[in-house]
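# Breakdown of the fold
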Amino acid sequence: MTGGVRRAPVQRRSAERFERLLDACAGLLAEVGHDALTTRGVARRAGVPIGTLYQFFDGKSGLLQALASRNLELLLARVRERLAGESVDGWGEAAVLVYDEILAMRRVLPGFFVADPGDGSPFDADIVRRADAAMAGELYALGLREAGLPPLPDPERVLLVAITSTDGLLRLAFQSSEDGDPAVIALGARMLRAYFREIADPQ
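This part covers the overall build of the protein chain. Counting secondary structure elements, the protein chain contains 8 helices and 0 strands. In the protein chain, the succession of helices and strands from N to C terminus is α-α-α-α-α-α-α-α. When the backbone C-alpha atoms are referred to their principal axes, the protein chain occupies close to 60 × 40 × 30 Å. Scored against the burial criterion, the 203 residues of the protein chain give a buried share of 45%. Accessible area for the protein chain stands at about 10500 Å²; split by element, carbon and sulfur atoms hold 52% of it. With 24 positive and 28 negative side-chain charges, the protein chain shows a separation of 8 Å between the mean positions of the two kinds.

Okay, structure coming up:
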């Protein structure tokens, strides 16, 4: 079960309410930011009683963790689809492929950066750590299994450095432009290629 989720939905009606709550959380997060997000606001936006929200989630943190997990599942599905139709030449190119998909999702999916409040309020460090660790583990397994890439030295650390550094660049890119500063975005791709060329793809 996803961290922060008290009870996973079983029946169709419950599953629909569960997804509506996550959609409402994502929409409000994009509009008001982390600090102003409340469980009552999410329940109101979703059109469900506040008690229903607490049947599924253990509060605001649980909602955000579940939203981060759903976003990761969507990202992995997109990456798998890309890898099914194209090959990647090493970890650097694989990382840029993932980076491109993250960028595309950031542009169209409200609340994709779960811990990136638009109002400048503090990040939820625990959710950031959980989300980054989950992403590192899933992407490493995907790279080995589906892209046929070689094992990495110290893979969790290597991938966490890539994830957190590109997160920072994307935050900077979207601070100055609603669609992302192209120069900063391009720098992220160059950085990933150089980083993995040095660590994972030595010549």
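A few words now on the packing of helix H5 (residues 91–108) against helix H7 (residues 155–176). Relative orientation of the contacting elements H5 and H7 amounts to 40°, with a least axis distance of 12 Å. Handedness of the crossing formed by H5 with H7: right-handed. The segment H5 lies against H7, with Tyr99, Ile102, Leu103, Arg106 and Arg107 engaging Thr166, Leu170 and Phe174.

Further remarks concern the nonpolar core. The biggest cluster of nonpolar side chains holds 39 residues, and the ones touching the most others in it are Leu75, Ile102, Leu170 and Phe196. At the level of elements, helix H4 (60–85), H5, helix H6 (125–145), H7 and helix H8 (182–199) are the ones that each hand at least two residues to this core. No other element matches the 10 residues that H5 contributes to this core. Dropping the residues within four chain positions of it, Leu75 is found in contact with Val98, Glu101, Ile102, Met105 and Met135.

Given a rise of 1.5 Å per residue, 18 residues ought to cover 26 Å, and the 26 Å separating the end C-alpha atoms of H8 matches this to within 8%. Taken residue by residue, H8 has Val184, Ile185, Gly188, Ala189, Leu192, Tyr195 and Phe196 as its buried positions. Down the axis of H8, the smallest arc covering the buried residues is 150°, so these residues share one side. Away from its buried face by more than 90 degrees, H8 exposes Pro182, Ala183, Arg190 and Glu198. Its side-chain oxygen 2.9 Å from the backbone nitrogen of Ala183, Asp181 forms the N-cap of H8.

Turning our attention to the pattern of salt bridges. Scanning the model with the defined rule gives 13 salt bridges in all. Arg78 is the salt-bridge partner of Glu101, the closest N and O atoms lying 2.7 Å from each other. You can see Glu101 sitting in helix H5 and its partner Arg78 sitting in helix H4, a full 23 residues away along the chain. Of the residues examined, Glu101 reaches a relative accessible area of 8% and is grouped as buried. Classification of Arg78 by relative accessible area gives partly exposed; the value is 31%. With its nearest N and O atoms 2.8 Å apart, the salt bridge here joins Arg157 to Asp154.

Moving on, we get to the packing of aromatic side chains. Applying the stated criterion across every chain yields a total of 5 aromatic pairs. When the centroid spacing of 6.3 Å and the interplanar angle of 70° are considered together, the rings of Phe56 and Phe57 count as edge-to-face. Its relative accessible area of 1% is what places Phe56 among the buried residues. Classification of Phe57 by relative accessible area gives buried; the value is 0%.

One non-glycine residue with positive phi stands out, namely Asp154, at about 50°. If you trace the backbone, Asp154 turns up in the loop between H6 and H7.

Taken over all residues, the pLDDT of the protein chain has a mean of 87, while the share at 70 or more is 91%. For the protein chain, per-element mean pLDDT is lowest for H6, which scores 87, and highest for helix H2 (residues 39–46), which scores 96. Across residues 117–122 the pLDDT falls below 50, and counting only partners more than four positions away or on other chains, this stretch makes 13 contacts in the model.

How each quantity is defined
Residues numbered from 1 in each chain as written. Predicted model: local features only at pLDDT ≥ 70, side-chain atom pairs only at ≥ 80, totals over all residues. Heavy atoms only, no water. Helix = DSSP H or I, 4+ residues; strand = E, 2+ residues; numbered from the N terminus. Buried < 20%, exposed > 50% of the residue type's maximum accessible area, 1.4 Å probe, protein only. Areas by Shrake-Rupley, 256 points an atom, 1.4 Å probe, with all protein chains shown as cover. Lys, Arg positive; Asp, Glu negative; His and termini not counted. Charge placed at Lys NZ, Arg CZ, Asp CG, Glu CD. Axes fitted to C-alpha atoms, helices over the stretch in contact; angles between N-to-C directions. Left-handed = near helix turned anticlockwise from the far one by under 90°. Contact = heavy atoms within 4.5 Å. Core = buried A, V, L, I, M, F, W, Y, C linked by side-chain atoms within 4.5 Å. Expected span 1.5 Å × (residues − 1). Arc of directions from axis to C-beta. Polar contact = N/O pair within 3.5 Å; in protein donor to acceptor, adjacent residues only side chain to side chain. Salt bridge = Lys/Arg side-chain N within 4 Å of Asp/Glu carboxyl O. Phe/Tyr/Trp six-rings, centres within 6.5 Å; stacked < 30°, edge-to-face > 60°. pLDDT = per-residue confidence, 0-100.

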